[in-house]
Amino acid sequence: MMADDKVNILMVDDQPAKLLSYEVILADLGENLIKATSPSEALSVLLKTDVAVVLMDVSMPELDGFELADVIRQHPRFQKTAIIFISGVHLTDSDKIQGYRSGAVDYISVPVIPEVLRAKIAIFVELHRKTHQLEALNNDLERRVAERTEDLRRGEEQFRTRAELLELASEAIMVRDVEGNIQFWNTGAENLYGWRREEVIGRDIHRMLRTVFPISREETEAALREHRSWQGNLIQKARDGSEIIVACRKTMNHEGNAVLEVSRDITSQLQAEEVLRETEKLAAMGRVAGIIAHEINNPLAAITNIFYLLRNHPSLDEEAQRFAEVAEKELQRVAHITRQTLSFYRESKQPISVPIEEILDDVLELQERGIQTSHIAVRKEYRSSCIVQGFPVELRQIFLNLIGNAIQAMPESGILRIYVREATDWTMQRHGTAISIVDTGPGIRPEDAKRLFQPFFSTKSTKGTGLGLWISKGIVQKYNGRISCRTYRHTGGCMTCFRVFLPVTGKSRIDADVTEEQGRIEHEIDPSEQSSAVQQAEAPSGV
């Protein structure tokens, strides 16, 4: 109810003349005046209308005023409705008490003084109006409180959902103040850096992570304050001391008192990109080597022909002919190396049948100088002829890496053993060939064995790129094969075996006794060299 809304005043009397006089007296109040000439008519009006004040005569034929007031008060809607009695006779104190008990709030005696009646009615009318306004305000306040409560509940649910999403995020999400002190640290940050949330709250984030910025920290913070955001790559240290490269995005809030940092580990991605660049360099070097070998091959053929003619020339004495023959043999060696170099980098467009034994012999021939210089004895045992559908360049690269590493592991003599045997990969139920490269070098340390096939990891100090074994593993996996390494140390020394399993697509011959091996390599080394250590080092692992 608004302040200018009219309220209803019910006047009850069995005499119409009195009702008319009341109407005249109360007309100046400007409210709705409703007349009822009997108690039943009054009750009918009350049930249909919101009444502020009931003005009724005490003496009426059907029900007197006290009885009507009792009926009105029994209804829940009218328990607080103001009732004013008008009496033409003198009322005793006991009558007044009965009236008050029936619900009367005031009495007016006849003759009625207009000003008194208007004043009393006006008080109850205004009280009714204020009561309704207060109820409306309370209802509106309750509605607003309910709406605000619902908004808070929804906000809490959204906050809880966002917090759960932050915890589920794989990226490291952190909130810090402008000084760098950590205020929030999600599960992704725990997993990436190794520190638990309770260990880092309040600590300087970049001192703790020993962050290396692409520019100074001061310049980074200045750019963040100016633009409200910054992003770039940072080098940081995890709890275990390992170095991590992260792509970091920083965002400052509107108040300028907190910074959100989201970091994603890109170490592996950058390493893979570096491997790709190195592989492209190696491929480019291979193409250049092929071009050079091709250009050398043409004049080399002419020189070879000249020496052939010179060796049989009648003008040469016996010693000169012998020197010419030696020179011709050396030229033949150079020509052979040139042809091999060309075959390394002249890749076929489609897979072809590649005999593994020929690949191994070609690699050994290329490594002949290193083998002789290091006084390495080579023991070959090809008990199965393996033909693989693939690319010769890739397969040569595998065994060039493995045999080259074995030679480098024995700089001051040793024994290089190469075994080719039929085998079965029981995990995949595949038949194929196992190629084992065994050396008697110092072996692989247990702590290095787990990282042996990772990119950029090398046991050769600054001499190795750490790419050879990683690339070799990738090529072997491309052929659906497996590569493994095992080192065995014994009292007499150490032996390391790199073992490659390749599914075979064709065979030129199979030894009868080999078919019974079912994936087990039976190493038959010369009795003077055989030992239990050798046998264990060369035993298969996992195939």
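Report on the accompanying structure. Residue indices begin from 1 for each chain and proceed along its sequence in written order. This being a predicted model, a pLDDT of at least 70 is required before a residue's local features are given, and a value of 80 or more before pairs of side-chain atoms are given or counted; all residues contribute to the totals for chains, interfaces and linings. No hydrogens and no water enter the side-chain calculation; it runs on all heavy atoms of the structure.

### Considering the nonpolar core
Then, number 1: Buried Ala, Val, Leu, Ile, Met, Phe, Trp, Tyr and Cys residues that are joined via side-chain atoms within 4.5 Å together make up what is termed a nonpolar core. In this scheme, a residue with accessible area under 20% of its type's maximum is buried, one over 50% is exposed, and one in between is partly exposed, where area comes from a 1.4 Å probe on protein chains only. Counting 38 residues, the largest nonpolar core has I356, L360, F399, L402, I403 and L416 as the members making the most contacts within it.
Then, number 2: Per the convention used, a helix needs a DSSP run of H or I reaching at least four residues, while a strand needs a run of E reaching at least two, with both numbered from the N terminus. Of all the elements in the fold, those that place two or more residues in this core are helix 12 (356-366), strand 12 (376-382), helix 14 (392-408), strand 14 (414-425), strand 15 (430-439), helix 16 (468-478) and strand 17 (493-503).
Then, number 3: The dominant element in this core, judged by the number of residues it contributes, is helix 14, at seven residues.
Then, number 4: Dropping the residues within four chain positions of it, F399 is found in contact with I356, I359, L360, V363, G404, I435 and V500.
Then, number 5: Core analysis: the second largest hydrophobic core is formed by 22 residues, A189, Y193, V200 and L234 among them. Throughout, a residue-residue contact means that at least one pair of heavy atoms, one from each residue, lies within 4.5 Å.

### Comments concerning the environment of P392
Then, number 1: Turning to its location among the elements, P392 is positioned in helix 14.
Then, number 2: On a C-alpha basis, the gap between P392 and I352 in space is 8.0 Å, while along the polypeptide they are 40 residues apart.

### Some details on the environment of N401
Then, number 1: As for its placement among the helices and strands, N401 is situated in helix 14.
Then, number 2: Residue classification places N401 among the buried residues on the basis of a relative accessible area of 19%.
Then, number 3: On a C-alpha basis, the gap between N401 and G468 in space is 5.9 Å, while along the polypeptide they are 67 residues apart.
Then, number 4: Those residues within four positions of N401 in sequence are excluded, and the remaining contacts are G468 and S472.

### Overview of the pattern of salt bridges
Then, number 1: For salt bridges, the criterion is a side-chain nitrogen of Lys or Arg within 4 Å of an Asp or Glu carboxyl oxygen. A complete count under the given rule lists 19 salt bridges for this structure.
Then, number 2: Notably, a salt bridge pairs E126 with R129, separated by 3.2 Å at the nearest N-O pair. One end of the pair is E126 and the other is R129, both in helix 5 (residues 114-168) and three residues apart, which spans about a single turn.
Then, number 3: Note on E126: relative accessible area 34%, which makes it partly exposed.
Then, number 4: On the basis of relative accessible area, R129 is assigned to the buried category, the value being 7%.
Then, number 5: Where salt bridges share partners, they join E31, E126, R129 and K130 into one cluster.

### What about unusual backbone geometry?
Working note: non-glycine residues mostly have negative phi, and peptide bonds are mostly trans.
Then, number 1: A positive phi is found at R228, a non-glycine position, where the angle reads about 70°.
Then, number 2: Along the chain, R228 falls in the loop between helix 9 (217-227) and strand 8 (229-237).
Then, number 3: The residue S413 is not glycine, and still its phi comes out positive at about 85°.
Then, number 4: With respect to the helices and strands, the residue S413 is situated in the loop between helix 14 and strand 14.

### Brief notes about the sheet that holds strand 15
Then, number 1: Read across the sheet, five strands follow the order 12-14-15-17-16 without closing on themselves; strand pairing throughout is mixed. Only two strands of the sheet have a single partner each, and these edge strands are strand 12 and strand 16 (482-490). Adjacent strand axes in the sheet meet at a mean angle of 20° when their direction is disregarded.
Then, number 2: As defined by bridge partners, strand 12 adjoins strand 14 across seven bridges and the pair is classed as parallel. DSSP calls a pair of strands paired once it identifies at least 2 bridges connecting them. Convention adopted: a line fitted to C-alpha atoms gives each axis, helices being fitted over their contacting stretch, and angles between N-to-C directions are expressed from 0 to 180 degrees.

### Quick look at the packing of aromatic side chains
Then, number 1: Paired rings are identified among Phe, Tyr and Trp, the last through its six-membered ring, by centres lying within 6.5 Å, and are further divided according to the angle between planes into stacked (under 30 degrees), edge-to-face (over 60) and tilted (the rest). Within the structure shown, the criterion is met by one aromatic pair.
Then, number 2: Taking the centre distance of 5.7 Å and the plane angle of 40° together, the rings of W185 and Y193 count as tilted. Accessibility assignment for this pair places W185 and Y193 in one class, buried.

### So, the packing of helix 12 against helix 14
Then, number 1: Orientation of helix 12 relative to helix 14, taken along the N-to-C sense of each, is 50°, at an axis distance of 9 Å. One element, helix 12, and the other, helix 14, form an angle in the oblique class. Helix 12 and helix 14 meet at a crossing whose hand is right-handed. Counting all contacts with helix 12, which are made through I356, I359, L360, D362, V363 and L364, the residues of helix 14 involved are P392, L395, R396, F399, L400 and I403. Roughly parallel covers angles under 35 degrees, roughly antiparallel covers those over 145, roughly perpendicular covers 65 to 115, and oblique covers all other angles. By the definition used in this description, the sense in which the near helix is turned from the far one sets the handedness, with an anticlockwise turn below a right angle giving left-handed and a clockwise turn giving right-handed.

### Brief notes about the sheet that holds strand 1 (residues 8-12)
Then, number 1: An order of 2-1-3-4-5 is seen for the five strands of this open sheet, with the pairing classed as parallel. Of all strands in the sheet, those with a lone pairing partner are strand 2 (32-36) and strand 5 (106-109), marking the two edges. Strand after strand, the sheet turns through a mean of 20° between neighbouring axes, direction not considered.
Then, number 2: As paired elements, strand 1 and strand 3 (residues 51-57) share five bridges and run parallel to each other. Directly across from I9, in strand 3, lies its bridge partner V53.
Then, number 3: Most of the contacts of helix 1 (residues 16-26) go to strand 1, to which it runs at about 150°, and overall it touches strand 1, strand 2, strand 3 and strand 4 (82-87).
Then, number 4: Contacting strand 1, strand 3, strand 4 and strand 5, helix 3 (residues 65-74) runs over the sheet at an angle of about 175° to strand 4.

Just distances and angles here, no functional claims.
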